[in-house]
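Coordinate inspection notes
Letter by letter, the chains look like this.
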Amino acid sequence: MKKTIAALAVLSTSATALAAEPVQISWWHGMGGANEQVINQVAQKFNAAQTACAITPVSKGTYEEALASGIAAFRSKEQPNILQVFDAGAATIINAKGATIPAEDILTQNGYKLDRDAFINGVRYFYADASGKFIGMPFNSSAPIMYINTEALQKAGVSAPKTWDDFEKIAPKLKDAGYIGLSASQLTWMFFENFFSRNNVQMASNANGYDSFQGTTLNAENPELIAMFKKLKDWHDRGWFGYYGAGWSDNQKPFEEGKVALWIGSSGSFGGLSKTASMPFSADFLPYDAAAKDGDKSTFIGGAALFAMSGHPAAENKCTADFFNFLTTTDIQKFYHEQTGYVAITKAAYEAAKADGWYEQHPQAEVGIKQLMLPQGEWSKGYRLGFYPQIRVIEEREFNKIFAGETSVEDAFKAIETEGNELLAKFAKTSG
């Protein structure tokens, strides 16, 4: 009898120990450097806030590498619980049949209510379906904004432009003062995708791809877009616009060094730029085309969202839902925003940062949020295009050729539209 009681006691102790063990979930992402460290801190905060779950973040390299790793892992049934997917890859993961559980569904299935209206307008639609249901959970979101070398503008005696016509007027004075007027990182995001969004021009058929993948085509040969790139080429030839290739940092560095007056970069670049810029700088909205019929609208977001991968036990899905809910809390959103420079994606976090005087100390950090809170046009809510990372590669190739004088703007955009539509058609075949 004593042995039986002792054995039961051991079993009871073992069961209690097992019950106390948190459910483990994994989070694959495409962040490195300082941003990876902040992700680790967010995970640590979640693990410390409760005992039921423990999340482990794992960097898979770049955004593209993280997406490829996640898809490959799903096919071999070794997928993580959560996968970070960047803006251009949204259609790929959403179209991977059975790969994900919509973020809104996994939350509601586990007792949470997601308030779509809690999110700022520029964020709430991009990773949603046509009805507005969240498929991905918005995480690190950014806006393309204009950084301003204040010394350069003072020396030239000019003000920051609101429209591209304004820039054309001040560019000669900036050049006379010894500066290149403008540079931009990732023209695909800044001057292709966000030309459509900022000026409320349709980017692709089928409601920018949201309604269906079948028969979706690009609007790359849009006359207004072609006119914009003709201006860029002319400004480049006049020494008003510096184009340093497709590399992000290659276009940012001349601004950091004080050689360029205006740089179109990411609102998420604010934190790093504060440490690397050799001169005082401010920021303002991405200029828009004054000739656009319905311009001055909000921009498409950059960055990425988190997707709940399917094929996991209910207990792990519950922890994924717990983590998604944790991410939307005001304290965590405010922390992530202030530590990284990515925008506060909820209205409450934005108001909390404002109340604490964050923007009085760092006015540049508010620009991206304000831009994303501008009125949205019919075509400024987002896009959902298959194989879009590959289409961006085509765009970069043609942009390089434009500024090298190897092709005309018209021929470049004809190639983008033709080859882009071929990829869209190929993607549509995979969606049934």
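Note: the structure precedes this text.
These notes cover the structure that comes with them. The residue numbering used here restarts from 1 in each chain and proceeds along that chain's sequence as written. Residues qualify for local features only when their pLDDT is at least 70, as the model is predicted, and side-chain atom pairs are given and counted only at 80 or more; totals for whole chains, interfaces and linings, by contrast, use all residues. Working from all heavy atoms in the structure, the side-chain values ignore hydrogens and water.

Some words on the overall build of the chain
Formally: To qualify as a helix, a DSSP run of H or I must reach at least 4 residues; to qualify as a strand, a run of E must reach at least 2; elements of each kind are numbered from the N terminus. Values of the radius of gyration come from C-alpha atoms, whereas the globule rule sets the reference at 2.2 Å times the count of residues to the power 0.38. Buried means the residue's accessible area, taken with a 1.4 Å probe over protein chains only, is under 20% of the maximum for its type, while exposed means over 50%, and partly exposed covers the values in between. Surface accessibility in these figures is a Shrake-Rupley result with a 1.4 Å probe; residues are shielded only by whichever protein chains are displayed. The convention is simple: Lys and Arg are positive, Asp and Glu are negative, and His and the chain ends are not counted. We put the charge of a Lys on NZ, of an Arg on CZ, of an Asp on CG and of a Glu on CD.
Each helix and strand counted, the chain has 20 helices and eleven strands in total. Relative to the 2.2 N^0.38 estimate, which gives 22 Å for 432 residues, the radius of gyration of the chain is 24 Å and therefore close to what a compact globule would have. Principal axes of the C-alpha set define a box for the chain whose edges measure 95 × 50 × 35 Å. Residue burial in the chain is summarised as follows: out of 432 residues, 56% are buried. Summing over all exposed atoms, the chain offers an accessible surface of approximately 17600 Å²; the carbon and sulfur share of this is 52%. For the chain, the distance from the average site of its 39 positive side-chain charges to the average site of its 47 negative ones is 3 Å.

With respect to the sheet that holds strand E8 (residues 241–242)
Keep this limit in mind: Any two strands with at least two DSSP bridges between them are considered paired. Here a residue-residue contact requires only that any non-hydrogen atoms of the pair lie within 4.5 Å. Helix axes are fitted only over the stretch in contact, all axes being lines through C-alpha atoms; the angle between N-to-C directions runs from 0 to 180 degrees.
Ordered by their spatial adjacency, five strands build an open sheet running E8-E7-E9-E6-E10, and the pairing between neighbours is mixed. Here the strands that pair on one side only, and so sit at the sheet edges, are E8 and strand E10 (281–284). Sheet topology note: the strand E6 (residues 144–149)/strand E9 (residues 260–266) ladder contains five bridges and is antiparallel. In the sheet register, Tyr147 faces E9, and the bridge partner there is Trp263. Lying over the sheet, helix H9 (residues 187–198) contacts E6, strand E7 (180–184), E8 and E9, oriented at roughly 80° with respect to E9.

Re the nonpolar core
The test is simple: Each nonpolar core is a collection of buried residues, namely Ala, Val, Leu, Ile, Met, Phe, Trp, Tyr and Cys, held together in the definition by side-chain atoms within 4.5 Å.
The biggest cluster of nonpolar side chains holds 138 residues, and the ones touching the most others in it are Phe191, Phe192, Phe323, Phe324 and Phe413. Ignoring sequence-local partners within four residues, the contact set of Phe324 consists of Ile82, Ala103, Ile106, Leu107, Met137, Leu306, Phe307 and Ala308.

Quick word on the environment of Ile170
With respect to the secondary-structure elements, Ile170 resides in helix H8 (residues 164–176). As for Ile170 and Ala156, which are separated by 14 residues in sequence, their C-alpha atoms are 8.4 Å apart.

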